[in-house]
Structures are given as structure tokens and as C-alpha cells.
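# Descriptive analysis of the structure
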Amino acid sequence: MSYPVEHKTVFVLDKGPLFARSCKQSIEYDVMSKTKTPGIIPAAPIMKSMWTCNVETLIEYMRVVFDIFPAKRMIRVVVGDEVLNEWQQKDQNIQQVMLALGQAGPPEPKSKEDENVVRGLTQAVQVLCELTPLQQELDRDLIHNKGRIICLTTAKSESQMRAFEECVSDAILQHNQLAEDSDSMLPISHCELVLIHVTPVGDETKITERQSREISSYLNGEVHVTQSGKFLYNKLIQLVQSHYGLSSTTVTGIPMKEEQNASSSANYDVELLHPSQAHDDLMKSAHSDGLVIASKEGLPTESVTLKWCTPKSNIVELQYCTCAARITPVDVNSRPSSCLTNFLLSGRAVMLEQPRKSGTKVISHMLASHGGEIFIHAINTARSLLEDPPSISEGCGGRVTDYRINDFKEFMKENRLAPALPEMMTTGTNYLNRAKTHLERMSRFWPLVIGETIIFNMASHIDPLPTIIVKEKLDDEDVLECQKAIYHVVGMETRNEPLPSSSAGPRGKGPKRDEQYKQMWAELESLIRAHADSSPQHQRVLECLLKCKKPTDDARSSPKKTKEEKSEKDPSTDQSYAWHELDRFQKMTEKEKQEMNKSEGGASSAKKARLSTDETQFKTKGAGNLLSLWTDRIKSVHSKRHVEFSGRAQSDGNQAELYQNLNKQLQENSGMEVSTSSQKGMGIQKKM
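Anyway, here's the lowdown on the structure attached to this text. What you are looking at is a predicted structure, and each value in this text was computed from that prediction instead of being measured.

## Thoughts on the packing of aromatic side chains
- Counting across every chain of the model gives eight aromatic pairs.
- Seen from their ring centres, F411 and W446 are 5.5 Å apart, and the 50° between their planes marks the pair as tilted. Pair noted here: F411 is in helix 9 (residues 405-414) and W446 is in the loop between helix 11 (431-442) and helix 12 (459-462), with a separation of 35 residues, a long-range link.
- Connected via pairs of aromatic rings, a cluster forms that spans F11, Y61, F69 and Y244.
- Over the face of the ring belonging to F69 we find R73, whose NZ or CZ atom lies 5.2 Å from the ring centre.
- Against the face of W87 rests R76, its NZ or CZ located 5.0 Å from the ring centre.

In C-alpha cells:
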């Protein structure tokens, strides 16, 4: 059994004569000097000693730990050779430590006890070897004894700091040997040494900070440098957060009545410390941006801001919480902290929301007291398991009925996993990869939404093609069944049978029948092409599909065409499409012809007049009516019945040069060049 390092912490206070000096930071106590009344002499400044600052920061460190971890985190204090408290629970309180510090007294300015730090560190190692009440309940052979030593001292040089580290390392080695033969001591498996070099405010120091480093296999050491007074306080609060995994939450917008004027109120902020687990869900959410700010208490740490919500009742309602942790204020003596604490201890709860510039209010935390202790509760902002199952419509895809829920049930039944039998494990086959491959093949083409598919909505017409095509191998009978399904769809298109509509237009009308068949053929090709590489039999099914499609669609999707063939335009293809449309028009019923004429007769005559008379190809398929199709065909035939002017056929640009030999004869006679401008003047513009 291994308790964490923070289970046992030992503070070592340097009681040397240097700590009897002033910290050089004055205390503001003269209220009269702030009024700027004439004739009043300001009082002399009062400054604390460095020893007093060390004791106050030690007590503040202990207060934070004992408020949040009242039982399983223990602290002992060593001053010189004297240990001020024990590991027993009755001694783990601030009152006991303050009483012992009062009996120990402050350091003497003229004292010569420079070796008290070495003795204190040795005594701290011995204290760590002693068993705590929690460790006494376990088998000592299974316990990994870990701890931390924090020493507040002032060193003269870097070599003295290294001497302190060597002293602790040697002491651990010696006490581990003694603990092997003792029933009341445990050998130290790991220790963290934190040396804090403290100087008066404004003084320079020759000591440099060092990050945590490994001194030996059982000892890690780090060095911190800070000034006394409020700087030492900020450093200890920063360390207690890192040592015990604490986070800060600033409650903003707390309404409080003014102390001088009870009729008016103002908003205040209170910063709280608590375990960082209370922020885990908040940091994982998508709304954590902008919540983390710098500490408003002047600490070198960051804090999460949460806004106060006015409570509507005194009863703590049952909330679905993911975490609950004790809290303690950073400034316990301030008036806002005292008012908030008294408000919560009266039995009322405070809801905390995330400050957002827009959108709905998100309540993520709650402050409430239980048994005289105040807790922060992390409220689940996502769906709770205690609620009804979430509606499927809240995801992508649209309405609930749009999902292929029934098809997905069948899909899950067909792809269920079963435990492998013992004799199957000896064959050497990787059944897990085999199952993954099967699932990948079954889901290569599987639309999630009904509105995105046509072929799966007309399963009765194309069965059993969707079931057969996903097989790993096909035989001749399977290929024949797939071909029958494709021919059946071709017959449906020939008879102009309606297809199930996949989506509706803005006025409730679905797409045209031609568009439906076009989408159906494209979707069917995607399904078959996704499995075409599985075997040659699958390729046969794809070839059958491509032969049965329209010529235009076949030309567009045939895999045998090259990129150059796809980029070229063939006028004969457009003409064949025109005749195909004419044949389809003749096969239509009278009602369908009337509907087609109504849809195509809405174009104005002015728009038809703007069409170029030289155009011999269609710009878009189905854009013209029967008259335009016939007119374009006649023009394409007539354009091939006359011989093109040879000069225009051989010229490179828009002009054809006349009398080409004349320029050559003039050069032979006179030897002069004819200007290029005269050549351009003798040109003639091409005419239709």
C-alpha cells in the first residue's frame, strides 16, 4: 500500500538570528492618516519580523490543508531539535501548533545557533520514519513510506544549500538502516525536499532557484527564492496548490450590503481553493474559453471565474453532481469571505453559472454546506443517466423518422461478436481482425438517414442485390440474381414507374422522376463500385450495371475512359441524346405530354430570341423544347453542305492575307522591305 507524498509533510523553521530581523514591509494600521486632516502627525510605521512572517505563512498553509483534507493529510512542525506536534489526530490542528510555537518563542538577535537548520532537517527525517495512525492499520511490509520536507531558511551561499541536501540524503540513509530493525519506524522509500530561501523585502540574494531534480534514488530536491512578507505568503499558497492538487475558483457578482450604508449594496468577489477535480468536466467542455483569469488576490496563479446566481430557496435541492469537494477561502479574514461563509452555513445553497456573452445560462457548480462544512459541487452540464434516454433527433440527420433505425437494428444483429471457443484460439487465426474486416466490408456504403438514400427505400425491387453484393465472394448464381435485380430496375424506368421520394421540395413536391432515376442509378453504382474490387464476380455485376445505364451516364461513369476522353465533347452524343428525348416524348401519354409542355412553355419569346443562331450544340440537357431540338439538328446538317473558304481555313488569326506573292516580288525588284502595317491594311476580315 502506497500513500501519496502529501500524506506526510514536515515543516522545518530556521530559528537563527537572521530571522529576528525586520521583514522591511510596513503594516497599514493608521486610519487617521488616510483622512488627510491637517495638523495630524502620522504614526511611525510598524514592521513584522521575518520569524513572524514565517509563522503566519506556516499557519496559513496548514489552514488550507486542514480545511480541505481534515483527516488524511498530516503536517508536523520542527524548530531546531524540538518537534511541536505528533502524527495523532488530536495534535493535527492549528491551535496545538500555535500554542507550541508560543512556548518555543522567537529567535534571539544575538544567538549563534547557525546549526539549528541541520539539526532540524535530521529531526524531520526521523519524524518521517514514524508511523501515522493510517499506516499503523496496514501491514508494514506492504507500505511504501513517502513524505515531504519544507524548510524555511536563509542560506549564505549555494554551497550551503547543497550541504542541506546532502544532510537530508545522509540522514535518510542512516535512518532507513535503523528502521529495518525497529518495529516503530518505517524506512523512507521516497522524499521530496523543498528549500525556501527567504530574504527581507528589497534585499538582493545570491541564491538561484532550481526546479525539482533527483538527488538520489530516494530523494528529490528543489530550491525556491522569495522575499518575506506578502511575497512569502504568495509563494506558500502557490506551493500548497501544487503540492495538493488544488485549483482556484473566483465567485463574482456576490451582492452584499455596504458596511457604512445598509440601504445600498455592491457586488464583491471571493476566491476559493478546492481540489482540482471540481474543474475536470468544465475544462473538457466547449465553453471553457475565457473562464480562466489571473488571481484577483494577487497570487501568482490562475483562477476560474463563476458568476453568482441568486438563490430562490433555502433548501438544497437534489442535483446530479459529478464531484463534491471541500473549499476554503483564500483570504479567510476578509468581509466578503466571512459573509459568503455565514450565508452558506445558514443552510442555503448558491448556484454558480459560467459567464457567457451570449446564449443560454449554463449552471455548472453549486456551493452548499453539509454537516458544518462547505462543499463545491460540480453539476453535470451534459445529459444525466437519471434522465430519459436522449432523443435521437438531437444529433445530425434531422427528424427521428429520418434515421434508418430498423435497418440499423438488423445491421447490429448481423454483426454481433461472440466469444471464441478454446479450440479456435489454437488455430492461429486472428479472429478479431477478421471481425473488423467483416464489419468494414458491411459498412462501406450504408447511409444513416432515409432522406439520403433511394435504393434502400425500394428494397423490394432490388432485393437481393444489397445483401449479395457485400459478400466476400460471389458465385455464378449470385451474379445472376444481381443482374436480374438490375434488369428489373431498367424495366421500371422503361415503364416510367414512380420511385419512393427521398426528399421533398419547399412546397411539399419531391424531385422530378428523371432526377429520381438519375439519383437512384448513381447510388446503385456507388454501392456496387464500393465492392467491385472484392472479386472478378463483383466486377461482372458492375459491368452489367454500366451497360444498362443511359448512354450519357455510361459515358460519364465508365472506368475505361481516360481523362482526355472525358474532357472532349462529342456532338454526336448530344444528337443521340436529342433523338432519345424525341423517342421518349412520343412514348408519353397525353397527360404527361401536357405536363411537359406546361413546364417548358413558360419561357418567354424574348429569351428565345437572344439565343445564338450559330449554336449547334446543347448547353444543358433538357433545356430546350421539341422545336429547338429539331431546329438544331437541321442547322447541324446544313452546316456540312458547303465548302469552307480556303483562305479562312488556312489562316491563323481573324484575317486572311491576300496577294502573298506580291510582297515577295517587290523585295526581289527593289530590295526594300514592305512594312508590316501595309500588310495589315491589305487584309480582309473574315465573314460568315
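## Quick look at the side chain of N415
- Looking at the secondary structure, you find N415 in the loop between helix 9 and helix 10 (422-425).
- You can call N415 buried: its relative accessible area is 16%.
- Within the structure, the side chain of N415 is placed 3.3 Å from the side chain of H438, a separation counted as a polar contact.
- Those residues in contact with N415, other than ones at most four positions away along the chain, are H438, L439 and M442.

## What to know about helix 11
- Between its terminal C-alpha atoms helix 11 stretches 16 Å, which fits the 16 Å expected from 12 residues at 1.5 Å a residue.
- One side-chain oxygen of the residue at the start of helix 11 lies 3.3 Å from the amide nitrogen of L432, identifying that residue as N430.

## Concerning unusual backbone geometry
- Along the chain, D463 connects to P464 via a cis peptide bond; the corresponding omega equals 5°.
- By secondary structure assignment, the location of P464 is in the loop between helix 12 and helix 13 (465-469).
- Notably, K24 is not glycine yet its phi reads approximately 65°, a positive angle.
- Overall, K24 belongs to the partly exposed group, its relative accessible area being 44%.
- A positive phi angle is found at N496, which is not glycine, with a value near 60°.
- Mapping N496 onto the fold places it in the loop between helix 14 (476-494) and helix 15 (513-530).

## Section: the sheet that holds strand 4 (residues 74-79)
- In spatial order, the strands read 5-4-1-6-7-9-8; together these seven strands make up an open sheet with mixed pairing. Two strands lie at the open edges of the sheet, namely strand 5 (82-83) and strand 8 (210-216), each paired on one side alone.
- Both strand 7 (residues 188-199) and strand 9 (residues 219-227) contribute to a ladder of nine bridges, which runs parallel. Directly across from L193, in strand 9, lies its bridge partner G221.
- Packed onto the sheet, helix 5 (residues 158-180) meets strand 6 (145-153), strand 7, strand 8 and strand 9 and runs at close to 155° relative to strand 7.

## Section: the packing of helix 1 (residues 50-68) against helix 2 (residues 94-104)
- With their axes 10 Å apart at the nearest point, helix 1 and helix 2 run at an angle of 165° to one another. As judged from the angle between their axes, helix 1 and helix 2 are roughly antiparallel. In the crossing of helix 1 with helix 2, the sense of the turn from one axis to the other is right-handed. Contacts between helix 1 and helix 2 involve W51, V55, L58, I59, M62, R63 and F66 from the first element and I94, V97, M98 and L101 from the second.
- In terms of residue class, the contact of helix 1 with helix 2 is made up of 10 nonpolar, no polar and one charged.

## Description of a nonpolar patch on the surface
- On the surface, I27, Y29 and I46 cluster together into a nonpolar patch covering about 250 Å² of accessible area.
- Following the sequence through the fold, I27 ends up in strand 2 (residues 22-27).
- A residue is classified by how much of its surface remains accessible, and I27, at 34% relative accessible area, is partly exposed.

## A look at the pairing of strand 7
- Of all 12 residues that make up strand 7, 10 are buried, and the element is covered over most of its length.
- Relative to strand 7, strand 6 runs parallel, the two being bridged by nine bridges. Bridge pairing in strand 7 links T153 to H197.
- In terms of handedness, the path from strand 6 via helix 5 over to strand 7 forms a crossover that is right-handed.

## Overview of the pairing of strand 17 (residues 363-370)
- Where burial is concerned, most of strand 17 is hidden: six out of the eight residues are buried.
- Where strand 16 (residues 350-353) and strand 17 come together, four bridges link them in antiparallel fashion. Across the sheet, residue M351 finds its bridge partner in strand 17, namely M366.
- Looking at chain direction, strand 17 and strand 18 (residues 373-379) are connected through six bridges and run antiparallel.

Criteria and thresholds
Residues numbered from 1 in each chain as written. Predicted model: local features only at pLDDT ≥ 70, side-chain atom pairs only at ≥ 80, totals over all residues. Heavy atoms only, no water. Phe/Tyr/Trp six-rings, centres within 6.5 Å; stacked < 30°, edge-to-face > 60°. Helix = DSSP H or I, 4+ residues; strand = E, 2+ residues; numbered from the N terminus. Lys NZ or Arg CZ within 6 Å of the ring centre and 35° of its normal. Buried < 20%, exposed > 50% of the residue type's maximum accessible area, 1.4 Å probe, protein only. Polar contact = N/O pair within 3.5 Å; in protein donor to acceptor, adjacent residues only side chain to side chain. Contact = heavy atoms within 4.5 Å. Expected span 1.5 Å × (residues − 1). Pairing = 2+ DSSP bridges. Axes fitted to C-alpha atoms, helices over the stretch in contact; angles between N-to-C directions. Parallel < 35°, antiparallel > 145°, perpendicular 65-115°, else oblique. Left-handed = near helix turned anticlockwise from the far one by under 90°. Nonpolar A, V, L, I, M, F, W, Y, C, P; charged D, E, K, R; others polar. Patch = residues over 30% accessible without salt bridge, like charges linked within 9 Å, V, L, I, M, F, W, Y side chains within 5 Å. Areas by Shrake-Rupley, 256 points an atom, 1.4 Å probe, with all protein chains shown as cover. Salt bridge = Lys/Arg side-chain N within 4 Å of Asp/Glu carboxyl O. Right-handed = clockwise from strand over helix to strand, strands pointing away.

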